[in-house]
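The lines below spell out each chain.
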Amino acid sequence: MDNKTVISSILKDTSACAFRLSEYSYEERLAYVSMIVSLAWADGSIDDRERRLINTIAQAAGKDIEDELESIIIQNRKFSIDKYNEWVLNIHDEKLKVGLIIDMFLTSFADKVLMQSETIYMKYISQKLGISQPLYTEIRKCVEDILNYKDDEEKIRYEYGPLNNREKQANAPSESLLSKYLKGLANTLTAIF
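Re the pattern of salt bridges
Counted under the stated rule, the structure contains four salt bridges. A salt bridge links R29 to D64, with the shortest nitrogen-to-oxygen separation between them at 2.7 Å. Placement of the pair is R29 in helix 2 (residues 26–40) and D64 in helix 4 (residues 63–75), with a sequence separation of 35 residues. With a relative accessible area of 9%, R29 lands in the buried category. K63 serves as the salt-bridge partner of D67, at 2.8 Å between the closest nitrogen and oxygen. In this pair, D67 and K63 both sit in helix 4, four residues apart, roughly one turn of the helix. The class for K63 is exposed, based on a relative accessible area of 58%.

Observations regarding the packing of aromatic side chains
Overall, the coordinates contain four aromatic pairs when judged by the stated rule. Seen in terms of ring centroids, Y84 and W87 are 5.3 Å apart; in terms of plane orientation they differ by 65°. Their pairing is edge-to-face. Here Y84 and its partner W87 are both found in helix 5 (residues 81–89), three residues apart, which amounts to about one turn of the helix. The exposure class assigned to Y84 is buried, which follows from its relative accessible area of 1%. Ring geometry for F105 against Y136: centres 5.3 Å apart, planes inclined by 50°, an arrangement best described as tilted.

Definitions and cut-offs
Residues numbered from 1 in each chain as written. Predicted model: local features only at pLDDT ≥ 70, side-chain atom pairs only at ≥ 80, totals over all residues. Heavy atoms only, no water. Salt bridge = Lys/Arg side-chain N within 4 Å of Asp/Glu carboxyl O. Helix = DSSP H or I, 4+ residues; strand = E, 2+ residues; numbered from the N terminus. Buried < 20%, exposed > 50% of the residue type's maximum accessible area, 1.4 Å probe, protein only. Phe/Tyr/Trp six-rings, centres within 6.5 Å; stacked < 30°, edge-to-face > 60°.

Set out below in structure tokens:
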């Protein structure tokens, strides 16, 4: 099955959220939802559209994860590269990896503005998951096409350039770490991709 067929199948089968997530282990489901939540925090807040998507994904993950959602949201407000690395190690299935990247794009696009920080997170996660650049690009294109042509909604905008306000402010050591890490990661990923 080619990449486009797999992506289309996931989007069609699931209405674009949490591809058969309930079939996986607790650790996989927790990692999946935690990565989505952490990505939603990338711009410093979780808006209503992102929250609805997170709720849908948590429901798809099962009652145990849904019951923990508020705690997951609070725990993942602060960036931690160690958490990302731990979560990635818990995601094994190839379709689950593709589903995660799809849901990450859906989360990033939920507010119709794709931030530089969100792109950096997704490229980092896809690289760690072993998602190839062509597959990553195909996922982005499929999700973007669906959202841009769905019900003539507002088109997606991109915010390039300096990192956003949350990343520029060093309100806490973890925020300062986030800023430094993302700047270094942006340079590394530019060289890789």
